[in-house]
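Structure at a glance
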Amino acid sequence: MLLTVKKLLAVLLQRIHSVFFLPLFQTPVAHFWAESNHHSQKRRFCNVCRKRLDDTYSFRCEVCDYHVHAECQDGALPNCRQASTYTPGWTLEDIRPTHYWREGNLPTGAKCIYCRKSCWSAECLAGWKCEWCGFAVHSMCYKSVNPECNYGVLAPSLLPPHAVSNNCHTVALETLIGSQ
């Protein structure tokens, strides 16, 4: 009975996410799941149900560090970091890269970029981290941070998403699937 209640809650969470939160994303991007190896690391928390992962079977997105229990995976939002945002005709002056905030599971000792106080927690899913530049902020501080992202210390070696094309915008579907 307990398992069916958990499954029902996971389905309910998925429905709520798809109705209320999915419209907030311009382009849904699927996660790239791999089995999580959190047992040898610090405490991790599920980004769907917000509970500790402990020794349960779980998954981690290889791209954006999104963590989920196996039973919560269906409720995960398709909001992985978008790696290709090239738009034909846009110049560098037209592009204003913004932070890509991911909630919780911050590195140990992370400090808020805004108030300079500690914002990580080993007890709950707390704080936000930009997946591009690595800045960490409190939930109360992130609205006060400049939305433009400069990609942080990795900027000289990072290929920004606006420089990458995924070609599906410019190539006909028939060409992609080879049915001309």
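This write-up is about the structure you can find in this document.

What counts, and where the lines are drawn
- Residues numbered from 1 in each chain as written.
- Predicted model: local features only at pLDDT ≥ 70, side-chain atom pairs only at ≥ 80, totals over all residues.
- Heavy atoms only, no water.
- Salt bridge = Lys/Arg side-chain N within 4 Å of Asp/Glu carboxyl O.
- Helix = DSSP H or I, 4+ residues; strand = E, 2+ residues; numbered from the N terminus.
- Buried < 20%, exposed > 50% of the residue type's maximum accessible area, 1.4 Å probe, protein only.
- Pairing = 2+ DSSP bridges.
- Axes fitted to C-alpha atoms, helices over the stretch in contact; angles between N-to-C directions.
- Disulfide = S-S within 2.5 Å.

Some remarks on the pattern of salt bridges
Any two side chains of opposite charge can pair, on the condition that their charged atoms come close. Following the criterion strictly, the structure yields 3 salt bridges and no others. Glu103 serves as the salt-bridge partner of Arg50, at 2.9 Å between the closest nitrogen and oxygen. Placement of the pair is Arg50 in the loop between β1 (33–35) and β2 (58–61) and Glu103 in strand β4 (residues 101–103), with a sequence separation of 53 residues. Here Asp65 and Arg60 are joined by a salt bridge, their closest N and O atoms 2.8 Å apart. Judged by relative accessible area, which is 18%, Asp65 ranks as buried. Among the residues examined, Arg60 registers a relative accessible area of 27% and is labelled partly exposed.

What to know about the sheet that holds β1
One open sheet accounts for 3 strands, arranged β1-β2-β3; its pairing is antiparallel. Two strands close off the open sheet at either side, each with one partner strand: β1 and β3 (67–69). In this sheet, adjacent strand axes meet at a mean angle of 35 degrees when their direction is disregarded. Two strands pair when backbone bridges link them, and β1 and β2 are joined in this way by 3 bridges, in the antiparallel orientation. Each residue of the ladder has a partner; that of Glu35, found in β2, is Phe59.

Re the state of the cysteines
Enumeration according to the criterion identifies 0 disulfides in this entry. Cys49 supplies the cysteine sulfur nearest to Cys46, a cysteine that is in no disulfide, at a spacing of 3.8 Å. Taking the relative accessible area as the measure of exposure, Cys46 reaches 0% and is therefore buried. Cys119 forms no disulfide, and the closest cysteine sulfur to it belongs to Cys112, at a distance of 5.4 Å.

In short, shape yes, function no, at least from these values alone.
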